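Structure at a glance
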Amino acid sequence: SVASLGSQEELHRASVAFFSSLSSVTPLLIVLEDLHWSDQPSLELLRALARRIAGSRILLVASWRDDEITRQHPLYSMLPPLIRESDAERIDLRPLDARSVQDIITVTYELGPDDLRRLTSFAVDWADGNPLFTVELLRSLESDGVINHGEKGWSVGDLTRVSLPGLVQQMVDRRLDTLPGATVDTLQIASILGHRVSIESLEQLAVETDAPPVLDDALAANLIDETVGGQEVEFRHALVRAAIYDGISLSRRRQLHRNAADHYIHQSGPDPETVVWHLQQAGDDRAAEWLILAGEQAERRFAWRIAVERHEEAASLLRRNAGHERLLARLLLKIGRLLRFSDPHQCMAYLEESRQLAQKCGDEVTDAFALFNIGVYDSRPGGTPAQIPRLREAISTLWETEQDIHEVARWAITLLPGGPDPMRLTQGSYVLQLAWRGWLRTCIEIANSYLPEDWEEDPVELPEPTDNYPDLSDTDAYAGVAIAMTNLGQPEKAEIAFNLAGKLISGAGFRAYYVMFCAGRLLNLHFPYRTRDLSERDELMSTMLQDARDSAQALGGENGTFGIEYAYLMTGEWDELRERIQSGATARLPSDWAIMNVARTWFWVHSGEYRFAERQLREIMPAGPRERPEDHIHGLPGERHRLGSALALALNDTTIARQWMTAHDVWLDWTGAHNGRAEGMLYWAKLLRAEGDPTAALEYASDGLALASDPEQPLTLLRAHRLIGELKTDAGEFDSAQYHLSESRSLAEACALPYERALTVLAQAALNHSLGQQNDAQQLLADARHVFGDLGAAPALSRAEQLASDLDYRGESSQFGLSPRELEVLNLLAYGKSDKDIANELFISPHTVVRHVASIRRKLDVDSRTAAAHVATRKGILS
């Protein structure tokens, strides 16, 4: 028996003999776990056994945790001879990688992809790949109900409310119990400072101890590691730091945080986020001041969402104590401005509260800046007639006040590179608002009163960048002038202004704002005037899409990117447009909102979804043609009226269409815009054609063609040529029709506009049909039908199908070769029906009736409707 053995050596020999004898009968597997709990005699027995079992059928497996083996542990000095004498193979287990942690979670819980990703990331960060810590952390989360099994299966809740696993706390406490008090105090200070801590900071804060020596004890206990370079230490695991931190009493913890805050405040260039965190944990009133500094730091990084969070926290602290009304009024002004893109409704609430507090404090400048921003960003369609007067009032107050404007500029202007001049920036915003709201000449007049006299020179020369440049003060002014110039029909000057604004924005690295700049240039300059420049279009669209993430980060949501919807509409990328609509993406910026609604309403009209189109149009123009121009952001001059007219004509309501076009001309006269007048002529022509007056329609279309030629507007030109070609086809002037349709198609192809090209191809097919060139008509029609089908352009496809039906008619009802549709028209014509009556009865447009009548007259070789009816009756053609 063991009791009879006289010495440790005898015990070793007896143990070896026992296992050797047993292995001769059967192979043995001996597993020794947790050697870090073993004492010296047990380790000596292991060494003896390992050294003497060579040649036996024995496999000895031992395991231990490295982080439990300190220099004082007997296994630390035993390992080298043990491995050498036994010729053992040592296997080091690496920390679990993210995939392995995910596998553990997947086996244990059936989670959705989002919860699985969140939980995996959390476990990796906190357990640092330690298998025991990982399992214990998951068990703790489940025990606390953060990982929960409900009726719909497993789910993961709020990972910020996590309690420390009890076993981990016990393991860390056991190690701390073996350390001197000074070492524990220093580790507690380190846990206050963070996961990785500079030794210099510890030396300054742990004034009662000599940091380096006590850290040696912590290193030996495997609680911390020394980083490369030896200037910092870091905790072995995040949970180790959390266990030490949780072990600090509340009063001592608050004092340590206050000490840490003071330490960082007195450093050169302190990080506000670090200072704020310590002040908040200490319950220190100075947190409000540093929260503001942290918010302003986020502003400079264009992280406006974080900036809003910090400033709102500061405002909450300021509200708790009286005496901070002036500072609070200015802070609310800042928050309102930061929310102007992402949440206009909340923006208005903050700005209104800022005004109230500023008036109470007699802070005239803050009040004026708040009023100005309300005028800029309170842009509810149909309800903004007072905005321009508000802007004027605010600027007048700022010019006349004796209060230091620069004192308030910190709060009234989003912090950007270059230190913008507050008054110039405010003037620029005013200029841009005038441009958007249709005050075109006033916009240019004010801008020219303070912009450099030679700004219109090309090429544009800008100063070399410096610490205070690019100065963004004039960015909005140049953008406003560019928009006004395009609408006044001066694209060359507009391009110079756009170039200036673009250089300033890109020079500042403000990619989020550059997205909005690209949208403005695309809609206001490119599509009206530079439609042939496909490389410019590709560059602008690519920039908008690539920088959309930056825009969302700074501005919130997808603001700034809604100009892409109009581009999608024009370039035939209707699937992408459809996806954006279905995603629920909604613009918040007033200018974006206007463009978004216009693009989507056109999309619904072209798709034949007239009910959706009417609803969308009411969003922009609640009172329809009765809306007043001074109440609106205009965007593209007259676009919404032409849209209303197009929708009315699609519904065969010429009365409403005429109301829209009458209002269209009133609005253009009010703005003085040149852009939009040529398109307006074309829509008047379409209306007159639908009303059965092809002669007047041709006159208007020809006037539109002339207006679109100077300055050249390729998109309008191709539409004018197409409409004239259709009218000429209806009138039987086929040579002229051929010329205009050929010009239209060439322009559509040069501009890469597939929907416009398909409409022209359809018109060419109708012309060939009228000429009796059925094979050519069939080929053209197949081309158009393919495009309309891919796009989902139901009304255009319906017209194409009707023409296809006419082309497919092979039998002749008479020697005159009239198609079935032409026979229907001729029957109604013989009964004295007007074009409008025939259109209503056959559910076709009046201009289609006109085309059929022209074809009937040509086939019957007569020169009037009456003659056609007479021939049909005499020849027995009528059914």
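Residues numbered from 1 in each chain as written. Predicted model: local features only at pLDDT ≥ 70, side-chain atom pairs only at ≥ 80, totals over all residues. Heavy atoms only, no water.

1. So, the overall build of the chain
Put simply, the test is: Helix and strand assignments follow DSSP, with helices taken as H or I runs no shorter than four residues and strands as E runs no shorter than two, numbered in order from the N terminus. To get the radius of gyration, use the C-alpha atoms; to get the globule rule, take the number of residues to the power 0.38 and multiply by 2.2 Å. Residue burial is assigned from relative accessible area. The probe radius is 1.4 Å, only protein chains are included, and a residue is buried under 20% of its type maximum, exposed over 50%, and partly exposed in between. The method behind every accessible area is Shrake-Rupley, applied with a 1.4 Å probe, and residues are considered shielded solely by the protein chains displayed.
The helix and strand inventory of the chain stands at 44 helices and seven strands. Here the chain has a C-alpha radius of gyration of 40 Å; the compact-globule value for 879 residues is 29 Å, and the former is much larger. Dimensions of the chain, computed from C-alpha atoms along their principal axes, come out at roughly 140 × 85 × 50 Å. Classification of the 879 residues of the chain by burial places 53% in the buried group. Accessible surface, the chain as shown: approximately 39600 Å² in total, 49% of it carbon and sulfur.

2. Looking at empty space enclosed by the protein
Let me state the cut-off plainly: Each cavity reported here is a set of points on a 1 Å grid over the protein atoms alone in which a 1.4 Å probe fits but cannot get out, each pocket an open set with protein on both sides within 12 Å along at least five of seven lines, and each lining residue one with an atom within 4 Å of a point. Grid points are joined across faces, edges and corners, and a volume is the space filled by probe spheres set on the points. Note on residue classes: Ala, Val, Leu, Ile, Met, Phe, Trp, Tyr, Cys and Pro are nonpolar, Asp, Glu, Lys and Arg are charged, and everything else, Gly too, is polar.
Evaluation of the coordinates by the stated rule reveals four cavities of 30 Å³ or more. Among the elements that take part in the lining of the largest cavity, helix 25 (residues 511-529) stands out by supplying eight residues, more than any other. Classifying every residue of the lining of the largest cavity gives 29 nonpolar, eleven polar and five charged.

3. So, the side chain of S191
The line we're drawing: Throughout, a residue-residue contact means that at least one pair of heavy atoms, one from each residue, lies within 4.5 Å.
In this structure, S191 sits in helix 8 (residues 181-193). In this structure, S191 is in contact with F235, R241, I244, Y245 and I248, ignoring residues within four places of it in sequence.

4. Quick notes on the packing of helix 28 (residues 563-571) against helix 29 (residues 574-582)
Note the cut-off: Where helices are involved, their axes are fitted lines through C-alpha atoms of the stretch in contact, as for all axes, and angles between N-to-C directions lie from 0 to 180°. Crossing handedness is defined as follows: a turn of the near helix away from the far one that is anticlockwise and smaller than a right angle gives a left-handed crossing, while the clockwise case is right-handed.
With their axes 8 Å apart at the nearest point, helix 28 and helix 29 run at an angle of 145° to one another. Along this stretch, helix 28 crosses helix 29, giving a crossing that reads as left-handed. Listed contacts from helix 29 to I564, E565, Y568 and L569 of helix 28 are W574, E576, L577 and R580. For the contact of helix 28 with helix 29, the class distribution of residues is five nonpolar, no polar and three charged.

5. Side note on the packing of aromatic side chains
So the rule is basically this: Only Phe, Tyr and Trp rings take part, Trp by its six-membered ring, and two of them pair if their centres are within 6.5 Å. Stacked means planes under 30 degrees apart, edge-to-face means over 60, and tilted covers everything else. Two limits define a charge over a ring: the Lys NZ or Arg CZ must be within 6 Å of the ring centre, and within 35 degrees of the ring normal.
Within the structure shown, the criterion is met by 13 aromatic pairs. When the centroid spacing of 5.1 Å and the interplanar angle of 70° are considered together, the rings of F18 and F19 count as edge-to-face. For F18, a relative accessible area of 48% puts it in the partly exposed group. Grouped by ring-pair contacts, the aromatic residues W574, F603, W604, F612, Y755 and F788 constitute a single cluster. One Lys or Arg, R611, reaches over the ring of F612 and ends 4.7 Å from the middle of that ring.

6. Brief notes about the sheet that holds strand 5 (residues 196-198)
Put simply, the rule reads: By this definition, two strands are paired if DSSP reports at least two bridges between them.
In spatial order, the strands read 5-7-6; together these three strands make up an open sheet with antiparallel pairing. Strands at the two margins of the open sheet, each flanked by one partner only, are strand 5 and strand 6 (224-226). On average, each strand axis in the sheet is inclined to that of its neighbour by 25°, with strand direction left out of account. Across three bridges, the pairing between strand 6 and strand 7 (residues 232-235) is antiparallel. Bridging from a neighbouring strand, D225 pairs with E234 of strand 7.

7. Topic: a nonpolar patch on the surface
The cut-off we apply is this: Each patch is built from residues that are more than 30% exposed by relative accessible area and take part in no salt bridge. Like charges join if they lie within 9 Å; nonpolar side chains (Val, Leu, Ile, Met, Phe, Trp, Tyr) join within 5 Å. Definition used for salt bridges: Asp or Glu carboxyl oxygen within 4 Å of a side-chain nitrogen of Lys or Arg.
Where nonpolar side chains cluster on the molecular surface, the patch consists of L29, V31, L59 and V61 and spans about 360 Å² of accessible area. Of all the elements in the fold, those that place two or more residues in the nonpolar patch are strand 1 (28-32) and strand 2 (58-62). Here L59 lies in strand 2.

8. Points about the pattern of salt bridges
Close approach of charged atoms allows side chains of opposite charge to pair. All told, the structure shown has 49 salt bridges when counted by the stated rule. R689 is the salt-bridge partner of D730, the closest N and O atoms lying 2.9 Å from each other. Within this pair, whereas D730 is found in helix 36 (residues 714-730), its partner R689 is found in helix 34 (residues 677-690), the two being separated by 41 residues in sequence. Under the relative-accessibility criterion, D730 is labelled buried at 5%. With a relative accessible area of 5%, R689 lands in the buried category. Here E749 ties to R745 by a salt bridge, and the two come within 3.1 Å at their closest N and O atoms. Taken together, the positions of E749 and R745, both in helix 37 (residues 734-750) and four residues apart, correspond to about one turn of that helix. The class of E749 is partly exposed, set by a relative accessible area of 39%.

9. A few points about the nonpolar core
Our working rule: Buried Ala, Val, Leu, Ile, Met, Phe, Trp, Tyr and Cys residues form a nonpolar core when they are joined through side-chain atoms within 4.5 Å.
Counting residues in hydrophobic clusters, the biggest one holds 229 residues, and the most contacted among them are L119, L187, W455, Y566 and F788. By residue number, the principal contributor to this core is helix 25, which donates twelve residues. Every residue in contact with L119, bar those within four places of it in the chain, is listed here: I105, L111, L138, L141, I147, V156 and L159. Ranked by size, the runner-up nonpolar core spans 20 residues in total, among them V825, A839, V853 and A872.

10. Quick notes on the state of the cysteines
Here is the rule: Only a pair of cysteine sulfur atoms within 2.5 Å qualifies as a disulfide here.
Under the defined criterion, the tally for this structure stands at zero disulfides. C518 provides the cysteine sulfur closest to C443, a residue in no disulfide bond, and the two sulfurs are 20 Å apart.

11. A look at the environment of H73
Within the secondary structure, H73 is located in the loop between strand 2 and helix 3 (74-86). Given the relative accessible area of 13%, H73 is considered buried. It is 9.3 Å that separates the C-alpha atoms of H73 and S38, two residues lying 35 residues apart in sequence.

12. Observations concerning the packing of helix 16 (residues 325-338) against helix 17 (residues 344-361)
Heads up, the condition is: An angle below 35 degrees is treated as roughly parallel, one above 145 as roughly antiparallel, one from 65 to 115 as roughly perpendicular, and anything else as oblique.
For the pair helix 16 and helix 17, interaxial distance at closest approach is 8 Å and the crossing angle is 155°. Of the possible angle classes, the one that applies to helix 16 and helix 17 is roughly antiparallel. Crossing angle aside, the handedness with which helix 16 passes helix 17 is left-handed. Residues E325, R326, L328, A329, L332, L333, I335, G336 and R337 of helix 16 form the contact with helix 17, whose participating residues are C347, Y350, L351, E353, S354, L357, A358 and C361. Classifying every residue of the contact of helix 16 with helix 17 by side-chain character gives eleven nonpolar, two polar and four charged.

13. Brief notes about the pairing of strand 7
Every second residue of strand 7 is oriented toward a common face, the buried set being V233 and F235 and the non-buried set E232 and E234. Summarising the sheet, strand 5 and strand 7 pair through three bridges and their orientation is antiparallel. The residue of strand 7 that forms the bridge with S198 is E232. Connecting strand 6 to the antiparallel partner strand 7 that follows it, the hairpin turn spans five residues, and G229 within it adopts a positive phi of roughly 100°.

14. Looking at the side chain of H740
Formally: Polar contact is defined as a pair of N or O atoms within 3.5 Å, subject to the rule that within protein one atom must be able to donate a hydrogen and the other to accept it, and that residues adjacent in sequence are counted only when both atoms are side-chain atoms.
Residue placement: H740 occurs in helix 37. Owing to a relative accessible area of 11%, H740 belongs among the buried residues under this scheme. A polar contact is formed between the side chain of H740 and the side chain of H721, at a distance of 3.0 Å. Apart from the residues lying within four places of it in its own chain, the contact partners of H740 are L705, H721, R722, I724 and G725.

15. Quick word on the pairing of strand 1
When a strand is regular, its side chains alternate between the sheet's two faces. Note the cut-off: Seen with its strands pointing away from the viewer, a crossover is right-handed when the path leading from the first strand over the helix to the second is clockwise.
Sheet topology places strand 1 next to strand 2; five bridges connect them, and they run parallel. The residue of strand 2 that forms the bridge with L32 is A62. For the crossover from strand 1 across helix 2 (residues 40-52) to strand 2, the handedness is right-handed.

16. Concerning the confidence of the model for the chain
Close inspection of predicted coordinates is inappropriate in any region flagged by low pLDDT. Here is the rule: On a range of 0 to 100, pLDDT expresses the predictor's confidence in each residue.
Of all residues in the chain, 91% attain a pLDDT of 70 or more, and the chain-wide mean is 85. Low confidence marks residues 810-814, where pLDDT is under 50. Its contacts with residues over four positions away, or in another chain, come to four contacts.

17. Some words on the environment of D806
Within the secondary structure, D806 sits in helix 40 (residues 794-808). The buried category is assigned to D806, whose relative accessible area is 4%. Along the sequence, D806 and R821 sit 15 residues apart, while their C-alpha atoms lie 6.9 Å from each other. If near-sequence neighbours (up to four positions away) are discounted, D806 is found in contact with H769, S819, R821 and H852.

18. Let's talk about the environment of I199
Its place among the elements puts I199 in helix 9 (residues 199-205). By relative accessible area, I199 is classed as buried at 15%. For the pair I199 and E232, spaced 33 residues apart in sequence, the C-alpha to C-alpha distance is 5.3 Å. When sequence neighbours within four positions are dropped, the list of residues in contact with I199 reads L215, G230, Q231, E232 and V233.

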